[in-house]
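# Overview (structure and organization)
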Amino acid sequence: MGDRALGSVGLGLAAAYVWQASRIQESFISDPIGPKGFPFIIGGLLALTSLAVLLRPDPPPHWPRPARLLELVAAVAVMVAYALFLPDAGFVIATAIASAYFSWRLGAPAMQAALAGVAIAGGIYLVFHLALGLNLAKGPLGF
Amino acid sequence: MDVLTSLGHGFAVAITFENLGLALIGCLLGTIIGALPGLGPSNGVAILIPLSFSLGLDATAALILLTSVYYGAMYGGRISSILLNIPGDEPAVMTTLDGYPMARAGKAGEALAISGIASFVGSFVATWGLVFLAPQLVKVALLFGPAEYFALFTLAFATLGGISSTNQAKAALAAALGLGIAMIGVDGQTGVPRFSFGMVHLYDGVNFLVAIVGLFALSEVFIFLEHRGENAVHGSVSIGRPVASWSVLKYCTPAMLRSTVIGFIAGVLPGAGASLGSFMAYASEKNISDKDKTFGKGDPRGVAAPEAGNNAAAGGALVPMLALGVPGSGTTAVLLAVLLSLNITPGPLLFTQHPDVVWGLIAALFIANFMLIAMNLPLVGLFARVLLIPPQFLMPLVAMISFVGIYGINGSTFDLLVMVIFGVLGWVLRKLDVPLVPVIMGVLLGNQMEANLRRALTISNGEWGALLHSPLSIGLWVLAVVGFVLPIVVGKRLKSRIARAKEEAGTLVD
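These lines cover the structure that appears in this document, whether it is placed above or below. (Residues numbered from 1 in each chain as written. Chains lettered and ligands numbered in written order. Predicted model: local features only at pLDDT ≥ 70, side-chain atom pairs only at ≥ 80, totals over all residues. Heavy atoms only, no water.)

### Structural notes on the nonpolar core
Grouped together as the largest cluster of nonpolar side chains are 207 residues, with contacts concentrated most on A:Phe91, B:Ile79, B:Leu83 and B:Leu444. Tallying contributions element by element places helix α4 (residues 59–84) of chain B first for this core, with 16 residues. Both domains that furnish three or more residues to this core are identified here as domain 1 (3–55) and domain 2 (66–131) of chain A. Core analysis: the next-biggest nonpolar cluster, separate from the first, contains seven residues, B:Met94, B:Leu97, B:Phe279 and B:Tyr282 among them. (Core = buried A, V, L, I, M, F, W, Y, C linked by side-chain atoms within 4.5 Å. Buried < 20%, exposed > 50% of the residue type's maximum accessible area, 1.4 Å probe, protein only. Helix = DSSP H or I, 4+ residues; strand = E, 2+ residues; numbered from the N terminus. Domains from an automatic or database assignment.)

Following this line, the structure appears as structure tokens:
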């Protein structure tokens, strides 16, 4: 899993890109190239470079072990959940939970991580909202 | 001299209570960002852009804040290089070679003082270079028509992989990805939606701030999660008095001056940037002065050279960014994003339409530089203590500030989700050794590049030969081709030399 996969994905992406570009609706007045021309060039460039990577791959990278990969997937899931729940839960609660989670997964003991979460959420709220007046998500509790 | 008059006006703009305060905050934050391993100038500036944007700072103020951070980061990188043998950011790699041996010999304070002064010399001279060179470049750029601009953008992408790139195909692939992403949204000339799949959120295109913060800052968080516990920072930080004697400084002066010139040139040229500036400065200084084989064993000139070099390159890199609107490095690409998000189009017209912005910014660079040297000599002990913040507290903070900044722009959950997607993309691309800077540049410049191509061909009635109609555009195309092909020929050698130097220093750099 490395450059060959990258090249193949790139080729597929280029094909899909050119196909989508060809379906762009043109309006009746247009300049000589129109809205499709440059996307076609980009699609071509993507296809060419993907082919070059496919034909002359570098040595594959060190992918993380499955357990660690799962860790990364979990981190992404937490970020997505954070984004979705932020408007409902409010900034301070959502941020405290998310940053405590990251702190814990990066190696802090559970108690310290919880404290770090509260400190990070509180600190950002204090500096960016109270001192600088930035709008943060308001939850049911008003913060 | 009208340049000096303009600069005088610039100082009048910059010296207000608010702007001086912002410069001070920027210098402080920048030094910390540079010093912390894992937060470099580009991702440090990246997470601060949306914040300065949502705080409603005006253009001059926002630029002063962020360029102070940029200059500050160049100062800060050396601290962890010298004390911990871990470069705080990419350009500070070369500083580990002689800085760490000096620290082990009990001369940490001296090394920090020399490198601080070298940083000052590099930045100071380079800012003067910016003052005189940028207006000259503007005069050339005023001759550019759409065809020349299209060629210039191509040149910028072709050389972006850099002279040290080994895989030009990947750099070009990254550029194609970025350009492709830039096409999403309603076409500016005909008003038809492109690649938006009927989603209203995509009609405005992908916000480049979202892309930048995701690619740079979130991907760094993923990298830390992946490697947690592998290279923990241990070390007691004892500094001693951060002073250097006059005789040592005099001994290092020629090295500083030579390195400043080399660094500045490397900064101005496309595709080089601060990392190569410091590498070339160190390498050439070693060739010139290493008669007693003291380089790599704690020679003070080996600390002065790369620091003067990378700071000078940082100043030099601002020349093409401001005068042409075409950045040559990751951090200047991020600064370009600042300008674009403030609805200011950089390039020659910037100097005539917004002289207060340009000259206020340049004046602020001078002021920031004096603040930084004043801050960095006595306070270096304080910054050194910041280094010991462990990543399990730093990285969550980085992630959360990223989310806050992006949410602050529109209050949009959709933007946050797109940012996470870019974070994952950034991690995958970094694993596969695909450079991220061309992606950013593509997202930033794609629409302008297309607009110039279409304008050029509208003028010529669809005749493609118009792209090569003037000697200027032919010259730019030739440079683009040479710049793309040259690294394929010499890149491997240069890259392996840099890699070897890094290995000798025993450092871990992504």
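That was the structure; now back to the text.
### Describing the interface of chain B and chain A
On the chain A side, the residues contacting the 61 residues of chain B number 65 residues. Taking both partners together, chain B and chain A bury about 5,500 Å²; carbon and sulfur atoms supply 80% of that area. The largest contributions to the chain B side of the interface with chain A come from B:Leu225, B:Arg228 and B:Met400, which together make up 13% of the buried area. Across the chain B-chain A interface, the total number found is two salt bridges. Across the salt bridge formed by A:Asp58 and B:Lys170, the nearest N and O atoms sit 3.0 Å from each other. Here chain B and chain A share eight residue pairs in polar contact (both at pLDDT 80 or more) between them. Elements with a minimum of two residues in the side of chain B that touches chain A: α3 (41–54), α7 (168–182), β2 (193–194), α8 (208–226), α16 (391–410), α17 (413–431) and α18 (437–459) of chain B. Broken down by class, the residue content of the side of chain B that touches chain A amounts to 40 nonpolar, 13 polar and eight charged. (Contact = heavy atoms within 4.5 Å. Buried area = accessible area lost by both parts, 1.4 Å probe. Salt bridge = Lys/Arg side-chain N within 4 Å of Asp/Glu carboxyl O. Polar contact = N/O pair within 3.5 Å; in protein donor to acceptor, adjacent residues only side chain to side chain. Nonpolar A, V, L, I, M, F, W, Y, C, P; charged D, E, K, R; others polar.)

### What about the packing of aromatic side chains?
This structure, assessed with the given rule, holds 19 aromatic pairs over all chains. Seen from their ring centres, B:Phe124 and B:Phe370 are 5.8 Å apart, and the 80 degrees between their planes marks the pair as edge-to-face. With B:Phe124 in helix α5 (residues 95–141) and B:Phe370 in helix α14 (residues 355–376), this pair connects stretches of sequence that are 246 residues apart. Using a relative accessible area of 26% as the deciding quantity, one classes B:Phe124 as partly exposed. Classification of B:Phe370 as partly exposed rests on a relative accessible area of 45%. Ring-pair connections join several aromatic residues into one group, and the members of that group are B:Phe11, B:Phe120, B:Phe124, B:Trp128, B:Phe132, B:Phe366 and B:Phe370. Above the ring of A:Trp104, the side-chain terminus of A:Arg105 is found at 4.6 Å from the ring centroid. (Phe/Tyr/Trp six-rings, centres within 6.5 Å; stacked < 30°, edge-to-face > 60°. Lys NZ or Arg CZ within 6 Å of the ring centre and 35° of its normal.)

### Looking at the pattern of salt bridges
Residues and elements named next belong to chain B. In this structure the tally under the stated criterion is eleven salt bridges over all chains. Between Arg 194 and Glu 450 there is a salt bridge, with the nearest N and O atoms lying 2.9 Å from each other. Within this pair, whereas Arg 194 is found in strand β2, its partner Glu 450 is found in helix α18, the two being separated by 256 residues in sequence. Grouping residues by exposure puts Arg 194 and Glu 450 together as buried. In this structure, Glu 285 and Arg 258 form a salt bridge, with 3.0 Å as the shortest nitrogen-oxygen distance. Of this pair, Glu 285 sits in helix α10 (residues 273–289) while Arg 258 sits in helix α9 (residues 246–268), and the two are 27 residues apart along the sequence. In this structure Arg 258 comes out as partly exposed when scored by relative accessible area, which is 32%. Here the residues in one salt-bridge network are Asp 187, Arg 194, Glu 450 and Arg 454, joined through shared partners.

### A short note on helix α2 (residues 34–55) of chain A
Its 22 residues place the ends of α2(A) 33 Å apart at the C-alpha level, agreeing with the 32 Å of an ideal helix rising 1.5 Å per residue. Within the sequence span of α2(A), burial applies to A:Gly34, A:Pro35, A:Lys36, A:Gly37, A:Phe38, A:Pro39, A:Ile42, A:Gly43, A:Leu46, A:Thr49, A:Ser50 and A:Val53. Along its buried surface, α2(A) packs onto α1 (3–22) of chain A together with α6 (146–160), α7, β2 and α18 of chain B. (Expected span 1.5 Å × (residues − 1).)

### Some points on helix α5 (residues 110–131) of chain A
One turn of the α-helix equals 3.6 residues, which is why residues spaced by three or four share an orientation. Across its 22 residues, α5(A) extends 30 Å between first and last C-alpha, which sits within 8% of the 32 Å expected from 1.5 Å per residue. Every buried residue of α5(A) is accounted for by A:Ala113, A:Ala116, A:Gly117, A:Ile120, A:Ala121, A:Ile124, A:Tyr125 and A:Phe128. Along its buried surface, α5(A) packs onto α4 (91–105) of chain A together with α3 and α16 of chain B. Residue A:Gly133 follows α5(A) closely and has a positive phi angle near 75 degrees.

### Brief notes about the packing of α7(B) against α18(B)
All names here are of chain B. Their axes nearest at 7 Å, the elements α7 and α18 cross at an angle of 50 degrees. Judged by the inter-axis angle, α7 sits oblique to α18. For the element pair α7 and α18, the recorded crossing hand is right-handed. From α7, Ala 171, Ala 174, Ala 175, Gly 178, Leu 179, Ile 181 and Ala 182 reach across to α18, where they touch Pro 438, Val 439, Gly 442, Val 443, Gly 446, Asn 447 and Met 449. (Axes fitted to C-alpha atoms, helices over the stretch in contact; angles between N-to-C directions. Parallel < 35°, antiparallel > 145°, perpendicular 65-115°, else oblique. Left-handed = near helix turned anticlockwise from the far one by under 90°.)

That's the geometry; what it means functionally is another story.
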